[in-house]
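# A look at the structure
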Amino acid sequence: MLRDFFSKKKRYASIPSQEAKQDVPEGLMQKCPSCQKIFYRKELIRNMNVCPHCDHHHSLNAFERIEHLFDDNSFEEWDKNMISTNPLQFPDYEEKLEKDRLKSALNEAVITGKSSLNGNKTAVAIMDSRFRMGSMGSVVGEKITNAIENARKEKLPFIIFTASGGARMQEGVLSLMQMGKTSVALRRLHEEGGLFISVMTHPTTGGVSASFASVGDYNFAEPGALIGFAGRRIIEQTIREKLPDDFQTAEFLLQHGQLDKVIHRHDMKATLSTVLDIHCKGGNI
């Protein structure tokens, strides 16, 4: 009897059945790519998509950013029904656009409109990386330009949140032309005394970082945001040097004078409100 009690027995791991796996709702848990901690998705949402363990800033879509930043029911969208076509007849481009529309509930990679932030009226553009990685095509450039022109005509400050992989390759030189068009519109806004605040989020790269994203009266960024033009590997191969580990991060750019401030997402609304209070009276320039 004692021999049976102390004898080694084979142990088997129990594998959850398919029914048991289905009992856990999809999207209930999320793993942070920075600290590798796993937490409830609802916990992340309550914390404005900031990791409660390491403070890593997860991406926000355009609708979430509007909800967190602006006064309730104050957002009025512009150019909502403007959509891209396929001017260069790039293969499968229209199908990819339609797929992104269904996935993101957006017509394009940017939402523009006017809203109020703690009572200050402002024009706003918010890029969303879920749509073609936030790339800038003709419609993105046109919507941003129209928003800048509306801000100039209505004497409103203009705030943009950038999140982009750069110019959209499927539209070739037409996408590159948007760099100049948006920058000229911002120059007109500046000449008439308008205020432009640029907030760079992860990632802001390519033609977007090289044009309107970097010419704000205030250039802000979220912590840890990737900001740059060419990719790290391309730059290292070109200059034949090893780059610092924090190269092209918001903190690196702040240290080298290319940003005015890196702002935690929890402090973003208060900071923008303070800037608007300083420059504007009731939102008017």
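Our subject in this report is the structure included herewith. (Residues numbered from 1 in each chain as written. Predicted model: local features only at pLDDT ≥ 70, side-chain atom pairs only at ≥ 80, totals over all residues. Heavy atoms only, no water.)

### Topic: unusual backbone geometry
- Residue Pro-203 is reached from His-202 by a cis peptide bond, and omega for that bond is -10°.
- Along the chain, Pro-203 falls in strand β7 (residues 196-205).
- Even without being a glycine, Asp-55 presents a positive backbone phi close to 75°.
- Within the secondary structure, Asp-55 is located in the loop between α3 (41-46) and α4 (62-69).
- Overall, the relative accessible area of 40% leaves Asp-55 in the partly exposed class.
- Even without glycine at this site, Asp-79 takes up a positive phi of about 50°.
- Within the secondary structure layout, Asp-79 lies in the loop between β3 (76-78) and α5 (93-104).
- What makes Asp-79 partly exposed here is its relative accessible area of 27%. (Helix = DSSP H or I, 4+ residues; strand = E, 2+ residues; numbered from the N terminus. Buried < 20%, exposed > 50% of the residue type's maximum accessible area, 1.4 Å probe, protein only.)

### Quick notes on empty space enclosed by the protein
- Under the definition given, this model contains one cavity of 30 Å³ or more.
- Each pocket or cavity is described by its volume, and for the largest cavity that value is around 50 Å³.
- What lines the largest cavity is Met-48, Leu-60, Arg-65, His-68, Leu-69, Glu-222, Arg-265, Met-268 and Lys-269.
- Of all elements in the fold, only α4 and α11 (265-279) reach the threshold of two or more residues within the lining of the largest cavity.
- Looking at side-chain class alone, the lining of the largest cavity contains four nonpolar, one polar and four charged residues. (1 Å grid on protein atoms, 1.4 Å probe; cavity = no way out; pocket = protein on both sides within 12 Å on 5 of 7 lines; lining within 4 Å. Points joined across faces, edges and corners; volume = space filled by probe spheres on them. Nonpolar A, V, L, I, M, F, W, Y, C, P; charged D, E, K, R; others polar.)

### Describing the pairing of β7
- The buried fraction of β7 amounts to nine of the ten residues, a majority that puts the element mostly inside the structure.
- Relative to β7, strand β6 (residues 158-164) runs parallel, the two sharing six bridges. The residue of β7 that forms the bridge with Ile-160 is Ser-198.
- The β-α-β motif built from β6, the intervening helix α7 (residues 172-191) and the parallel element β7 has right-handed crossover chirality.
- Bridge analysis of β7 against strand β8 (residues 218-221) gives four bridges, and the strand direction is parallel. Within β8, the residue paired with Val-199 across the bridge is Phe-220.
- Note: β7 against strand β9 (residues 227-228), two bridges, orientation parallel. Bridge pairing in β9 places Thr-205 opposite Gly-228. (Pairing = 2+ DSSP bridges. Right-handed = clockwise from strand over helix to strand, strands pointing away.)

### Re the pattern of salt bridges
- Counting across every chain of the model gives 14 salt bridges.
- Its salt-bridge partner being Glu-149, residue Arg-152 comes within 2.6 Å of it at the nearest N-O pair. Of the two residues, Arg-152 and Glu-149 both sit in helix α6 (residues 138-153), three residues apart, roughly one turn of that helix.
- The partner of Glu-191 in a salt bridge is Arg-187, with the nearest N and O atoms 3.2 Å apart. Of the two residues, Glu-191 and Arg-187 both sit in helix α7, four residues apart, roughly one turn of that helix.
- Of the residues examined, Glu-191 reaches a relative accessible area of 55% and is grouped as exposed. (Salt bridge = Lys/Arg side-chain N within 4 Å of Asp/Glu carboxyl O.)

### Thoughts on the packing of α6 against α7
- Interaxial distance between α6 and α7 falls to 9 Å at its minimum, and their mutual angle equals 5°. Overall, the two elements α6 and α7 adopt an arrangement that is roughly parallel. Here α6 contributes Ser-138, Gly-141, Glu-142, Ile-144, Thr-145, Ile-148, Glu-149, Ala-151 and Arg-152 to the contact with α7, which in turn contributes Leu-174, Gln-178, Lys-181, Thr-182, Ala-185, Leu-186, Arg-188 and Leu-189.
- Residues that form the contact of α6 with α7 fall into these classes: seven nonpolar, five polar and five charged. (Axes fitted to C-alpha atoms, helices over the stretch in contact; angles between N-to-C directions. Parallel < 35°, antiparallel > 145°, perpendicular 65-115°, else oblique. Contact = heavy atoms within 4.5 Å.)

### Digging into the packing of aromatic side chains
- If you walk through the whole model with that rule in mind, you get three aromatic pairs.
- With 5.7 Å between their ring centres and 35° between their planes, Tyr-218 and Phe-220 make a pair best called tilted.
- Exposure remark for Phe-220: the relative accessible area of 3% places this residue in the buried category.
- Ring centres of Phe-247 and Phe-252 lie 5.4 Å apart, and the angle between their planes is 75°; this geometry places the pair in the edge-to-face category. (Phe/Tyr/Trp six-rings, centres within 6.5 Å; stacked < 30°, edge-to-face > 60°.)

### Describing α5
- Along its twelve residues, α5 runs 16 Å from first to last C-alpha, staying within 8% of the 16 Å computed at 1.5 Å per residue.
- Among the residues of α5, those classed as buried are Tyr-93, Leu-97, Asp-100, Arg-101 and Ser-104. Buried residues along α5 cover an arc of 105° about the axis, so they all sit on one side. Of the residues in α5, the exposed ones pointing more than 90 degrees away from the buried face are Glu-95, Lys-99, Leu-102 and Lys-103.
- If you follow the buried residues of α5, they end up packed against α4. (Expected span 1.5 Å × (residues − 1). Arc of directions from axis to C-beta.)

Note that every value here comes from positions in space, so none of it alone points to a role or purpose.
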